[in-house]
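Overview (structure and organization)
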Amino acid sequence: MTTAANHATPGGFSDYVRIARIDHSVKHVFIVPGIVLACLLRGVHTPALPLSIMLGLVCAVCCASANYVINEWLDRDFDRHHPTKSARAAVQRVLSGRWVLAEWIILATVGLACARLTSNSMVMAADLFLLQGIVYNVRPMRLKDQPYLDVISESVNNPLRLMIGWAMIDPTTLPPSSVLLACWLGGAFLMAAKRLSEYREVVGAQGRDLLIRYRASFAGYSEETLIVSCFVYALLSSFFLAVFLIKYRVEYLLLLPIVVVLFGHYLLMSLRPGSAAQAPEKLYRERGLIGLVILFAVVFGVATIIDLPAMHVFTNQRYITLP
């Protein structure tokens, strides 16, 4: 927890850099599926592909950092009640609201400028990305204080990242709605698992009242409802993913069992003390999780290259005839 002396210390340039959370850029890995799917399903429709990818990455990083800036600034009085987030720069130092606003404007402007240099679809994704940060963090909406809406609104960043990756390759279309919904609900599962891990750890060590002071939405959660919500989000994500896989390449159904195991592994991981689920930017340290992701990538590659006519049994009406 912070001390009065720490909180009275004026922030320096490095503290304003810290609140942009550039180290969280690993979350932009969701751009990669957008790039891959667009290449496979649509082909490259961008004349200057390297430039499009570079501008898209800068756009994503700047928009996300703009959201992090207002998140950390507006949450500073709540984060002091969290055992680890109390170490954040906005809690430990006194930052200027005017400089924070200026930082947000600069990051948002650069992100939107890069999007505009790319395509209209990239601009739409960037606009929605920044709007999400406002709706999620800023009163009177501040959806992060509402149970379930906090998860749904925060996880929309995942399909937006996928849209950015898709727009790098094909700015003339949007990804299929089935894969966007699968990604959105998969992100909701990750966010609910994060809250489940926080709930178990903070309540077990310091009590539920402290957790609610950190984030008001926890007043509407219990350990049981968080577990059930994880289950529901995983089921819905798997459903929409199956719809996408059957419609666009039935061989990809081989991926579904791996996805189910991934959901199960992640939920189990979130139930462990000190789980990395509380800090998704550090998930690359989880060997079991990374192993499953590598397996997913390998099976995806095989299913992309090899046609399996027998899999088409799942796309037509068939009945088992009894003797």
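Fair warning: this is a prediction, and the values are worked out from it, not measured in the lab.

What follows concerns the overall build of the chain. In terms of helices and strands, the chain carries 15 helices and zero strands. A compact globule built from 323 residues should have a C-alpha radius of gyration of about 20 Å, and the chain, at 21 Å, falls within 12% of that. The buried share of the chain, reckoned over its 323 residues, is 48%. When contacts within the chain are restricted to residue pairs at least 6 apart in sequence, those whose partners lie at least 24 apart make up 78%. As displayed, the chain has an accessible area near 15800 Å², and 70% of this comes from carbon and sulfur atoms. With 28 positive and 21 negative side-chain charges, the chain shows a spacing of 1 Å between the two charge centroids.

The next subject is the packing of helix 3 (residues 31-41) against helix 10 (residues 157-169). The N-to-C vectors of helix 3 and helix 10 enclose an angle of 40°; their axes lie 6 Å apart at closest approach. By the angle class used here, helix 3 and helix 10 are oblique. In this structure, helix 3 meets helix 10 at a crossing whose hand is right-handed. Between helix 3 and helix 10, the residues in contact are Ile-31, Pro-33, Gly-34, Ile-35, Leu-37, Ala-38, Cys-39 and Leu-41 and Arg-161, Leu-162, Ile-164, Gly-165, Trp-166, Met-168 and Ile-169, respectively. Partitioned by chemical class, the residues of the contact of helix 3 with helix 10 number twelve nonpolar, two polar and one charged.

Once that is clear, we can look at the packing of aromatic side chains. Aromatic ring pairs are defined here through the distance separating the ring centres and the angle between the ring planes. Scanning all chains against the criterion turns up nine aromatic pairs. Plain terms: the ring middles of Phe-189 and Phe-263 are 4.7 Å apart, the flat faces sit at 75° to each other, and that makes the pair edge-to-face. With a gap of 74 residues between them, Phe-189 in helix 11 (residues 177-206) and Phe-263 in helix 14 (residues 256-270) connect regions that are remote in the sequence. Here Phe-189 falls in the buried class, since its relative accessible area comes to 2%. A ring pair is formed by Tyr-199 and Phe-218, whose centres lie 6.2 Å apart and whose planes are at 35°; its orientation type is tilted. Taken together, the residues span a long stretch of sequence, with Tyr-199 in helix 11 and Phe-218 in the loop between helix 12 (208-214) and helix 13 (223-248) at a distance of 19 residues. Neither residue differs from the other here; Tyr-199 and Phe-218 are each classed as buried.

Applying the stated criterion across every chain, the model contains 14 salt bridges. Taking the shortest distance from any N to any O, the salt bridge between Asp-150 and Arg-195 comes out at 2.8 Å. Note that Asp-150 is positioned in helix 9 (residues 149-154) and Arg-195 in helix 11, a separation of 45 residues in sequence. Residue classification places Asp-150 among the buried residues on the basis of a relative accessible area of 0%. One salt-bridge network, held together by shared partners, links Asp-75, Arg-142, Lys-144 and Asp-145.

Turning our attention to the side chain of Ser-153. The residue Ser-153 is located in helix 9 in this model. For Ser-153, the side chain forms a polar contact with the main-chain oxygen of Leu-149, separated by 2.7 Å. Setting aside residues up to four positions removed in sequence, Ser-153 forms contacts with Gln-132, Tyr-136 and Leu-143.

What follows covers the confidence of the model for the chain. On average, residues of the chain score 91 in pLDDT, and 98% of them reach the 70 mark or higher. Mean pLDDT across the elements of the chain ranges from a minimum in helix 1 (residues 4-7), with 44, to a maximum in helix 7 (residues 97-116), with 97. Residue range residues 1-7 is modelled with pLDDT below 50. Its contacts to residues more than four positions away, or to other chains, number 16 contacts.

Turning our eyes to something else, we now look at unusual backbone geometry. In this structure, Pro-140 follows Arg-139 across a cis peptide bond, with omega equal to 10°. Of note, Pro-140 is situated in the loop between helix 8 (120-137) and helix 9. Even without being glycine, Arg-21 reaches a positive phi, approximately 50°. Here Arg-21 shows up in the loop between helix 2 (13-18) and helix 3. The buried category is assigned to Arg-21, whose relative accessible area is 8%. Phi angles above zero are rare outside glycine, and Tyr-148 is one such case at about 75°. Tracing the sequence through the fold places Tyr-148 in the loop between helix 8 and helix 9.

Let us look at helix 8. In this model helix 8 runs 26 Å from its N-terminal to its C-terminal C-alpha over 18 residues, within 8% of the 26 Å that 1.5 Å per residue would give. Along helix 8, the residues that are buried comprise Ser-121, Met-122, Val-123, Ala-125, Ala-126, Phe-129, Leu-130, Gln-132, Gly-133, Val-135, Tyr-136 and Asn-137. As for helix 8, its buried residues are in contact with helix 4 (49-74), helix 7, helix 9, helix 10 and helix 11.

It is worth spelling out the packing of helix 14 against helix 15 (residues 287-305) at this point. Packing of helix 14 against helix 15 leaves a shortest axis separation of 10 Å and a crossing angle of 170°. It follows from the interaxial angle that helix 14 and helix 15 lie roughly antiparallel. Taken together, the residues of helix 15 that come into contact with helix 14 (itself represented by Ile-258, Val-259, Val-261, Leu-262, His-265, Tyr-266 and Met-269) are Gly-288, Leu-289, Leu-292, Val-293, Leu-295, Phe-296 and Val-299. Here the residues of the contact of helix 14 with helix 15 are counted per class, giving twelve nonpolar, two polar and no charged.

Reading the values: rules and limits
- Residues numbered from 1 in each chain as written.
- Predicted model: local features only at pLDDT ≥ 70, side-chain atom pairs only at ≥ 80, totals over all residues.
- Heavy atoms only, no water.
- Helix = DSSP H or I, 4+ residues; strand = E, 2+ residues; numbered from the N terminus.
- Rg over C-alpha atoms; globule rule 2.2 N^0.38 Å.
- Buried < 20%, exposed > 50% of the residue type's maximum accessible area, 1.4 Å probe, protein only.
- Contact = heavy atoms within 4.5 Å.
- Areas by Shrake-Rupley, 256 points an atom, 1.4 Å probe, with all protein chains shown as cover.
- Lys, Arg positive; Asp, Glu negative; His and termini not counted.
- Charge placed at Lys NZ, Arg CZ, Asp CG, Glu CD.
- Axes fitted to C-alpha atoms, helices over the stretch in contact; angles between N-to-C directions.
- Parallel < 35°, antiparallel > 145°, perpendicular 65-115°, else oblique.
- Left-handed = near helix turned anticlockwise from the far one by under 90°.
- Nonpolar A, V, L, I, M, F, W, Y, C, P; charged D, E, K, R; others polar.
- Phe/Tyr/Trp six-rings, centres within 6.5 Å; stacked < 30°, edge-to-face > 60°.
- Salt bridge = Lys/Arg side-chain N within 4 Å of Asp/Glu carboxyl O.
- Polar contact = N/O pair within 3.5 Å; in protein donor to acceptor, adjacent residues only side chain to side chain.
- pLDDT = per-residue confidence, 0-100.
- Expected span 1.5 Å × (residues − 1).

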